[in-house]
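Chains, contacts and geometry: an overview
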Amino acid sequence: DCVVAPEQAGKNFAAKVLQFVEHVRQRYTISQPVSITTHNHFPTAAGLASSASGFAALALGLNELFKLNLNKQELSQLARLGSGSAARSVFGGFVVWHKGLRTNGTDCFAEQLFPADHWPTLRIIVVVVDASVKKMSSREGMRLTVQTSPSFSSWCTESETRIAQMRQAIAARDLERVGQLTEADWYGMYHAMQDTTPSLNYLSNASWAVIETVRQLRATGVSCYFTTDAGPNVKILCEEKDADAVERAVATVAGVKQIMQCRVAGEPVARPFETSDYAPPFDKLRVNGGSAGFLRAIGKEQNNHNRNNIITSTFPPPVRPEPVEGANRTGIHTIKVPGKLMLAGEWSVLEPGNQCIVLPVNRLAVCQIQPAPAPTFSTPTLCTFNVPINYHNGMLSLESDNPTLNIARAALQTTVQFLHENNIALKPFALSVNTDQFFFKGQKVGFGSSAAVCVGITRALLEFHAFLPPFVLIPRPSTLRDRTLRVLPQGRREGPLVPSLVEGSGCSGLKAKNLQYPAKPVRPELVERVGRSWVEGPRLTVFKLATLAHYHAQKKIGSGFDIAASTFAQPILYQRFDAAWLATQETKKITDIVRQPWQDLAIQPITLPANLRLCVGFTGASASTTQLAQRITNFKNNQPDQYNAWCKAANYNVQILAKMLEKNDQEMIISLLNNQQKMLSILSKISDTQLETPALTALISSAQQAGAGAKFSGAGGGDCGIAVCFEKNIEEHIKDSWLKLGIEILEDITL
């Protein structure tokens, strides 16, 4: 056997082709060797279904060469063994691919819905922004997505519904409906890839620029819609009358390398090889189509060209998104929610208008929800399983008085009531929440497990009842700034910030500034307008519902920063809502509270320097935030002036630190973090509250002596301390010194 293919096909391509050929020979008892030459006239392995057309061409060619006389359904099943998407490429026109349930695959095949001439005016504009081979193949990307993406199963379920709707839309030649369904399914695919572990991102900046151009065209009245496969290149659907205008518009986008205007393809053909099928040299093929495969039978003692035994399979260039391969249809929907780590702003953030810097951490609450005969709740971490849930007329209760379930109970009650207010009938479910990752050597670490549980339960119920779509993440270019969200203040008090009024705090030399960050517009399809800013609608709804549940379960002492970190899953500058204002809203329906702006709420992205090194140490003692909060509250009530002065000074330090992080001013970052620790030490002293234990003092001192910025993180009283530096040798020195002090080092913290 011999395979000749372009270099960009990859080193494993020939082996895959020969494996496919050998399978055909064994299935049909054929021993004849073959020589295969293949070529695409569009980019290979760049997200344009080159493998699908290639293996479909191979299946058609082998069918003719070996005289197998397979019908189209059998050819579809055969081609699928080479590339799943090849099952649909043996047809022309509009094709549906049946998923199949049998283990032998006999019910997994494609069939034609409508011939190509059903919609002769439909055009597909293929915009090539990168013709190079993908770093990760579609097959490998799909394998990872199936195995690790929490949203994969829900995307598959939603796609089944869209397929039925798509049949009707194509039958009616309704471009608007076809385009809407196509983009909706693309969003599902994009989200599934984003929350795969590791996250998959095939799109480039040029890809997003083309997509934005399509949206702008549509806003001006041009009917056009986009989609992509597992690759950077964009396909645009439009009518013939708009095709030239669309092509001209995308041609102006920086990074566009090639544009192909296509019609829906007709039937592929397999025929005897003709001299006109190629022009010398042999690898410079001249064919009218997207993929061509040349197969030649070779006798045992014959190695010359025998053109009577050469078959050429030629495909017009149908451009279609690749369907899902190997969908997991167990019905279990998995959601992973990160915990939090406070960088700066402890305690002061509890007051209106004050801010903190908080990071999401790679310690996850894992929630799983699936249909069940009756509602139940489980938490394996607490060895609690299948607790019955009673539900009547919007009211929900757990058949358990276990106080450790209060957070889960509040999240369930709040979300179910919200669904009831929105006329969503509760479907029976089995919900499980696992927080094992928040424990280290049997001890709970203060990474905000209760907030993560609240967010996870809220998301699980909303997505299970299809009230909200799965979260759509802003794309992830090289910096966090480009992929983060803005929620600017509602009713925020403007004006200069107040400088330090606490003697010896280290802030007295700083001048007050109004550090406002402008809203950065992002694509409106992903977000909704909130005041002056754009924010991702689904996440904001989840944040407010989870905050309401957590706030009341914690007896109204929380600020919501941990909920924000778990919901938005990115470093943020967080400003607490006005708790007094929220108290005045308690008589309203939950829906009304959620859908109105929240007084003083602000969530601002923070761009961490790329070379920032974060060390986290655990002292081995878990703190009680509730007890510490009570002591700080007593101090606030007894010494309001001193307390308010401290809060203003601490908040100013946080604001400056946020600005320095944006500027990557390393010296100031370290200085301000150390200054923040001084502020916390002052609070500990003036409130007569032990926020800094001896173990934390040793952790902080050793890191500062090494040249890092160090402080405890969170409420204090034990738990975790952090150190920030920018050099590897300093990081290693810090970890060595911590180990000598008996400090446990928590690795792999940042998302």
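Here we summarise the structure given alongside this text. (Residues numbered from 1 in each chain as written. Predicted model: local features only at pLDDT ≥ 70, side-chain atom pairs only at ≥ 80, totals over all residues. Heavy atoms only, no water.)

A look at the environment of H465
- With respect to the helices and strands, H465 occurs in the loop between α11 (449–464) and α12 (480–483).
- Through-space distance from the C-alpha of H465 to that of L426 is 7.5 Å; in sequence the pair is 39 residues apart.
- Setting aside anything within four residues of it in sequence, one finds H465 in contact with L419, I424, A425, L426 and K427.
- Polar side-chain contacts of H465 include one of 2.9 Å to the backbone nitrogen of K427. (Helix = DSSP H or I, 4+ residues; strand = E, 2+ residues; numbered from the N terminus. Contact = heavy atoms within 4.5 Å. Polar contact = N/O pair within 3.5 Å; in protein donor to acceptor, adjacent residues only side chain to side chain.)

Notes on the side chain of S559
- Mapped onto the secondary structure, S559 falls in the loop between α13 (537–553) and α14 (561–568).
- We classify S559 as buried; its relative accessible area is 4%.
- Side-chain polar atoms of S559 contact the backbone nitrogen of F561, separated by 3.4 Å. (Buried < 20%, exposed > 50% of the residue type's maximum accessible area, 1.4 Å probe, protein only.)

Digging into the pattern of salt bridges
- Per the counting criterion, the structure on display carries 17 salt bridges.
- With a shortest N-O distance of 2.7 Å, E183 and R218 are connected by a salt bridge. Remark: R218 occurs in helix α8 (residues 205–219) and E183 occurs in helix α7 (residues 175–194); sequence separation between them is 35 residues.
- With relative accessibility at 6%, the residue E183 sits in the buried group.
- What makes R218 partly exposed here is its relative accessible area of 22%.
- The shortest N-O distance in the salt bridge between R613 and E731 comes to 2.8 Å. Linking R613 in strand β24 (residues 613–618) with E731 in helix α21 (residues 728–741), this pair joins segments that are 118 residues apart in sequence.
- R613 gets classed as partly exposed once you look at its relative accessible area, which sits at 28%. (Salt bridge = Lys/Arg side-chain N within 4 Å of Asp/Glu carboxyl O.)

Brief notes about the pairing of strand β7 (residues 234–239)
- Among the six residues that make up β7, six are buried, leaving the element largely enclosed by the rest of the structure.
- Both faces of β7 are covered, namely the face carrying V234, I236 and C238 and the face carrying K235, L237 and E239.
- Judged from the six bridges that link them, strand β5 (residues 122–128) and β7 form a sheet pairing that is antiparallel. Each residue of the ladder has a partner; that of I124, found in β7, is L237.
- Across five bridges, strand β6 (residues 224–228) lies against β7 in antiparallel orientation. Note on β7: the bridge partner recorded for T228 is V234.
- Counted along the chain from β6 to the antiparallel partner β7, the turn is five residues long. (Pairing = 2+ DSSP bridges.)

Focus: the sheet that holds β7
- Reading across the sheet, the four strands line up as β6-β7-β5-β8 and stay open at both edges, with antiparallel pairing between neighbours. Taken across any chain shown, the strands that pair with only one partner, and hence form the sheet edges, are β6 and β8 (258–263). The mean inter-strand angle of the sheet, taken between neighbouring strand axes irrespective of direction, is 25 degrees.
- α7 rests against β5, β6 and β7 of the sheet, and its axis sits at about 30 degrees to β6.
- Against the sheet, helix α9 (residues 240–251) contacts β5, β6, β7 and β8, and its axis sits at roughly 145 degrees relative to β7. (Axes fitted to C-alpha atoms, helices over the stretch in contact; angles between N-to-C directions.)

Side note on the packing of α8 against α9
- The contact between α8 and α9 brings their axes to 10 Å, and the two run at 135 degrees. In terms of their interaxial angle, α8 and α9 are classed as oblique. In the packing of α8 onto α9, the handedness of the crossing is right-handed. Where α8 approaches α9, its residues V210, T213 and L217 are matched on the opposing element by V246, A249 and V250.
- Residues that form the contact of α8 with α9 fall into these classes: five nonpolar, one polar and no charged. (Parallel < 35°, antiparallel > 145°, perpendicular 65-115°, else oblique. Left-handed = near helix turned anticlockwise from the far one by under 90°. Nonpolar A, V, L, I, M, F, W, Y, C, P; charged D, E, K, R; others polar.)

What to know about the sheet that holds β24
- Across the sheet, which stays open at both edges, the four strands sit in the order β25-β26-β24-β27 with antiparallel pairing between neighbours. Bordering the open sheet on either side are β25 (709–712) and β27 (744–745), each of which pairs with just one other strand.
- Against the sheet, helix α19 (residues 666–686) touches β25 and β26 (720–725), its axis set at about 30 degrees to β25.
- Set on the sheet, α21 makes contact with β24, β26 and β27; between it and β24 the angle comes to about 5 degrees.

Some points on helix α2 (residues 50–65)
- Across its 16 residues, α2 extends 22 Å between first and last C-alpha, which sits within 8% of the 22 Å expected from 1.5 Å per residue.
- A large share of α2 lies buried, amounting to 13 of its 16 residues.
- A positive phi of about 55 degrees marks K67, the residue just after α2. (Expected span 1.5 Å × (residues − 1).)

Side note on the nonpolar core
- With 94 residues, the main nonpolar core has F377, L412, F447, I457 and Y574 as its most contacted residues.
- Of the residues forming this core, the biggest block, 10 residues, is contributed by α11.
- Residues within four places of L412 in sequence aside, it is in contact with F377, I389, L396, L398, F429, L431, I457 and L461.
- L144, A206, F226 and V250 belong to the second-largest nonpolar core, a separate cluster that totals 35 residues. (Core = buried A, V, L, I, M, F, W, Y, C linked by side-chain atoms within 4.5 Å.)

Some thoughts on the packing of aromatic side chains
- One pass over the structure, following the stated rule, counts 18 aromatic pairs.
- Ring centres 5.6 Å apart and planes at 70 degrees place the aromatic pair F20 and F55 in the edge-to-face group. One end of the pair, F20, is in helix α1 (residues 13–28); the other, F55, is in helix α2, with 35 residues separating them in the sequence.
- Overall, the relative accessible area of 5% leaves F20 in the buried class.
- Look at F55 and you get buried, because its relative accessible area is 3%.
- Ring centres of F418 and F467 lie 5.1 Å apart, and the angle between their planes is 80 degrees; on these two criteria the pair is classed as edge-to-face. Highlighted residues: F418 in helix α10 (residues 406–421) and F467 in the loop between α11 and α12, separated in sequence by 49 residues.
- Look at F418 and you get buried, because its relative accessible area is 1%.
- Taken together, F543, Y551, F568, Y574, F577, W581 and W598 form an aromatic cluster joined through their ring pairs. (Phe/Tyr/Trp six-rings, centres within 6.5 Å; stacked < 30°, edge-to-face > 60°.)

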